[in-house]
Amino acid sequence: MVVSDSPSGGSTPPQQEQANKYGFTKPLSLAGPTDADLQRNSELDKFLLDSGLYESNEEAAARKEVLHRLDQIVKIWVKQLTRQRGYTDQMVEDANAVIFTFGSYRLGVHGPGVDIDTLCIGPSYVNREEDFFIILHDILAEMEEVTELQPVPDAHVPVMKFKFQGISIDLLYACISLLVVPEDLDISHGSVLYDIDEPTVRSLNGCRVADQILKLVPNVEHFRTTLRCLKFWAKRRGVYSNVTGFLGGVNWAILVARICQLYPNAIPSMLVSRFFRVYTQWRWPNPVMLCSIEENELGFPIWDPRRNPRDRFHTMPIITPAYPCMNSSYNVSASTLRVMMEQFRCGNKICDEIELNKAQWSALFQPYVFFEAYKNYLQVDIIASDADDLLAWKGWVESRLRLLTLKIERDTNGMLQCHPDPHEYINTSKPCAHSAFFMGLQRKEGVRGQEGQQFDIRGTVDEFRQEINMYMYWKPGMEIFVSHVRRKQLPAFVFPDGYKRTRMPRHINHPAEKTGDDATKSYSGSGSSERCIKRKNYPEMVDRKPDKPDKRASISPQRLECVSPESCTSKSGGTAQMSTECIEGVRLAGSTTKDANSNCEIKSSDALLGSGLSTEVADMQISEPGFIDSTHDMLKSRSIEVPNESGVFNGDKAQDLALDCLESAETDMDQRLDKACNFITRAECSDCIPNASSQNLNCEPDVRLRSVV
């Protein structure tokens, strides 16, 4: 029998002390809903229902049946291992394993088609490395009901992914210090943590955290509706993905639970609005916590920046409420935090308009148009010999993509910002097993760059490639390509229906009418087929010098050989013979391409790498036009000083990876948004992008790509 509370059975916990119920601080407001709030809440419920966020009764029954079958399988598996290892017949009869659920299913906020996070708990003599990832894996592989079986033993939390009767399952394993696992095991009790290793603690933590969250919110049903709403919003806006450096399910659950504690009598429509209001003003890296951090004699490491220097560099700490308390958002980088903060501000503006009856709930959930937000992208193509190999290879590469973001931030001192897109793209017109991911690139906003300054990330990408090459299950045919792609060169398969969206012309303001608001996107008309107005044709838009000096040459390390995802032309003019011609990439072999929008050149010549993993790497030259400089000066003159525990800092002096300076940088973003984007309309805000000041008026930095020769 599955030992897991049904997600529909979690009712509001019994009355507890005020401090325990609302967390470790007092609520910000005890106000309840008004008639207008009740009306908006009814509209929100209807919108969520119409959006298909709730599964049918048939789907719920199918999930329960799958969990019951999985519970039977692990019980038989443990009994077989017990018999093989020479235990007595009584021990074989008593041998047991139980299945728990956690994540969205445990919290009661899962929707149709989502996976079920499950945890198998077994006895102390059944280990993870051999018994779980080899023996149980082989058992599942032989079952017809199981498809897409993918073990990930090297993950931070080791997991086995598969589909059982079409339902996606993420299965973890934890062996506790008991010879016989009772059917009614209480994992919330601290005794389950005795004599186990840290990977096992992390595996158990998912279930323990989910149970604790439900105990710490004042109204479980209000919490569930609000969380369901905000998870849907995060997916639509492209900020729902723990693996790529954004936030995952448990992160959003803790953030929403904290809002429920601060507004205990609010209903979901109020809680959604307060969510954006609070986190727009949150001073990261101050942590979000639902309760005080507990210390225990077991001695497991807990999140404590006073004692652990590594914890001081966490960008967006969101602390789990169960012992041992951990930072659940350690994947977040400075770049992904910037993107999320911009989306929080955008959501806050729309919620303000909803409360003024100037917008509907649908405006909040407009999808984010990633491929219109930047001019420069990194394209990561992943290929393998067949679909099964691609599944394993893609899982490995995807779990390491956030490291590429961190390395780029590190090697450019935070001056080159990355925006990873969590969505996977597949070119279905090609016969090979292929998957692609993209990252948007831009210079850090509000920073004046030297004329002709360049970012050489070839060594960074090569280091990333070498780490990817360490995959222990690598097979011939598994390859990865990293290439620089300009917006106009994006492959057709990334756009809906296989074609690129027509970009509408933008309003150009006269310099006499310029204000800090000029950094914001502005569209006119609809359905126009014209491209964006070329910056070089409008000298009044950007104050340029008549005789612009030539950009200085790149000073970079000795160039490495590289290859593009397509068939490659070597330096000598010959064509490299490769089995990867089905990958659609940017063909830059021995060519010079001018970008009409940014008036820059792209030069490249490709050669074949000797290793199995091929990479097209770029050194990028970015120069800021005069408009950006003048905008930065204006914002700088208006900036305020932000006090913190280290003294007084100005937002323009923020340094990377320092706690106080990250706080100052977040405040600087607040100033830029408030001063430069106050006139955004609802339609514009629904498509707001994080790099408004440097891109929306076609004034973004020039990028020069030169592939390594």
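Every value quoted in this text rests on a predicted model; they were computed, and no experiment measured them. (Residues numbered from 1 in each chain as written. Predicted model: local features only at pLDDT ≥ 70, side-chain atom pairs only at ≥ 80, totals over all residues. Heavy atoms only, no water.)

A count of helical and extended segments in the chain gives 17 helices and 18 strands. In the chain, which comprises 709 residues, the proportion classed as buried is 56%. Long-range contacts, defined here as pairs at least 24 residues apart, represent 75% of the contacts in the chain between residues at least 6 apart. (Helix = DSSP H or I, 4+ residues; strand = E, 2+ residues; numbered from the N terminus. Buried < 20%, exposed > 50% of the residue type's maximum accessible area, 1.4 Å probe, protein only. Contact = heavy atoms within 4.5 Å.)

The next point concerns unusual backbone geometry. With omega at 15 degrees, the peptide bond leading from Trp284 into Pro285 counts as cis. Mapped onto the elements of the fold, Pro285 is located in the loop between α10 (268-280) and α11 (334-355). The peptide bond linking Tyr323 to Pro324 adopts the cis configuration, its omega dihedral lying at -5 degrees. Mapped onto the secondary structure, Pro324 falls in the loop between α10 and α11. Non-glycine residue Asp195 carries a positive phi angle of around 55 degrees. Residue position: Asp195 is located in the loop between β5 (167-175) and α7 (198-216). For Asn357, which is not a glycine, the phi torsion comes out positive at approximately 60 degrees.

Structurally, the position occupied by Thr320 is in the loop between α10 and α11. If near-sequence neighbours (up to four positions away) are discounted, Thr320 is found in contact with Asn205, Val209, Ile254, Cys325, Met326 and Ser328.

Below, the discussion takes up the sheet that holds β5. Read from one edge of the open sheet, five strands run β1-β2-β5-β4-β3, paired in mixed fashion. Both outer strands of the open sheet, β1 (98-102) and β3 (146-152), are each paired with one neighbouring strand and no more. Going from strand to strand, the sheet's axes swing by 25 degrees on average, the running direction of each strand aside. Relative to β5, strand β2 (residues 116-122) runs parallel, the two sharing seven bridges. Bridge pairing in β5 links Ile121 to Ala174. (Pairing = 2+ DSSP bridges. Axes fitted to C-alpha atoms, helices over the stretch in contact; angles between N-to-C directions.)

Further remarks concern helix α9 (residues 249-262). Under the 1.5 Å per step criterion, the end-to-end length of α9 is 20 Å for 14 residues, consistent within 8% with the ideal 20 Å. Taking burial as the measure, the 14 residues of α9 include twelve buried ones, the bulk of the element. (Expected span 1.5 Å × (residues − 1).)

The next thing to look at is the pattern of salt bridges. By the definition in use, this model includes 26 salt bridges. Among the ionic pairs, Asp211 bridges to Arg106, the shortest N-O distance being 2.5 Å. Placement of the pair is Asp211 in helix α7 and Arg106 in helix α5 (residues 103-107), with a sequence separation of 105 residues. Per residue, the accessibility class of Asp211 equals that of Arg106, and both read buried. Across the pair Arg202 and Glu198 runs a salt bridge, and its minimum N-O distance is 4.0 Å. Highlighted residues: Arg202 and Glu198, both in helix α7, separated by four residues, approximately one helical turn. Among the ionic contacts, a cluster of salt bridges with common partners joins Lys407, Arg410, Asp411, Glu463 and Glu467. (Salt bridge = Lys/Arg side-chain N within 4 Å of Asp/Glu carboxyl O.)

Bringing the environment of Val159 into the picture now. By the element assignment, Val159 lies in strand β4 (residues 159-164). Separated by 41 residues in the primary sequence, Val159 and Thr118 place their C-alpha atoms 9.6 Å from one another. Sequence-distant contacts of Val159, that is, excluding residues within four places in its chain, are made with Phe133, Gln150, Pro151, Val152, Pro153, Asp170, Leu171 and Leu172.

A few words on the pairing of β4. For a regular strand, side-chain orientation follows a simple rule: the groups alternate between the two sheet faces. Direction of pairing for β3 relative to β4: antiparallel, over a ladder of five bridges. Residue Pro151 lies in a different strand from β4, and its bridge partner there is Met160. Sheet analysis places β4 next to β5, joined by five bridges and oriented antiparallel. Paired with Phe164 across the two strands is Ile167, which belongs to β5.

Our next topic: the packing of helix α8 (residues 220-236) against α9. Packing of α8 against α9 leaves a shortest axis separation of 10 Å and a crossing angle of 135 degrees. In terms of orientation, α8 and α9 fall into the oblique class. At the point where α8 passes α9, the crossing takes the right-handed sense. Together, Phe223, Thr226, Leu227, Leu230, Lys231, Trp233 and Ala234 of α8 and Trp252, Ala253, Val256, Ala257 and Cys260 of α9 make up the contact between the two elements. (Parallel < 35°, antiparallel > 145°, perpendicular 65-115°, else oblique. Left-handed = near helix turned anticlockwise from the far one by under 90°.)

This brings us to the packing of aromatic side chains. The final tally for this structure, using the stated rule, is 32 aromatic pairs. Across the ring face of Tyr240, the terminal group of Lys235 is positioned such that the distance to the ring centre comes to 4.9 Å. Over the aromatic face of Tyr263 sits the side chain of Arg274, whose NZ or CZ is 5.9 Å from the ring centroid. (Phe/Tyr/Trp six-rings, centres within 6.5 Å; stacked < 30°, edge-to-face > 60°. Lys NZ or Arg CZ within 6 Å of the ring centre and 35° of its normal.)

Before going further, it helps to examine the confidence of the model for the chain. With 66% of its residues at a pLDDT of at least 70, the chain reaches an overall mean of 74. Within the model, pLDDT remains below 50 along residues 1-20, and this stretch shows 39 contacts once partners closer than five positions in the same chain are excluded. Ignoring residues within four places in sequence, the model shows residues 504-709, a span with pLDDT below 50, making 502 contacts including any to other chains. (pLDDT = per-residue confidence, 0-100.)

Before going further, it helps to spend a moment on the sheet that holds strand β6 (residues 376-384). Read across the open sheet, the four strands follow the order β7-β8-β6-β10; overall the sheet is antiparallel. With one partner strand each, in any of the chains shown, β7 (416-420) and β10 (479-486) form the two edges of the open sheet. The average angle at which neighbouring strand axes cross in this sheet is 25 degrees, direction not considered. Two strands pair when backbone bridges link them, and β7 and strand β8 (residues 433-443) are joined in this way by five bridges, in the antiparallel orientation. By the bridge assignment, Cys418 is partnered in β8 with Leu441.

Helical geometry note: an α-helix holds 3.6 residues per turn, so side chains three or four residues apart project in the same direction. For α11, built from 22 residues, the straight-helix expectation of 32 Å at 1.5 Å per residue is met to within 8% by its first-to-last C-alpha distance of 32 Å. Burial of α11 is extensive: 18 of the 22 residues sit out of reach of the surface.

With respect to the helices, strands and loops of the structure, Gln343 is situated in helix α11. By relative accessible area, Gln343 is classed as buried at 1%. A polar contact of 2.8 Å, which involves the side chain of Gln343, links it to the side chain of Arg237. (Polar contact = N/O pair within 3.5 Å; in protein donor to acceptor, adjacent residues only side chain to side chain.)

Further remarks concern the environment of Leu441. Considering the arrangement of structural elements, one finds Leu441 in strand β8. Taking the relative accessible area as the measure of exposure, Leu441 reaches 3% and is therefore buried. The spatial distance from the C-alpha of Leu441 to the C-alpha of His419 is 6.5 Å, given a sequence separation of 22 residues.

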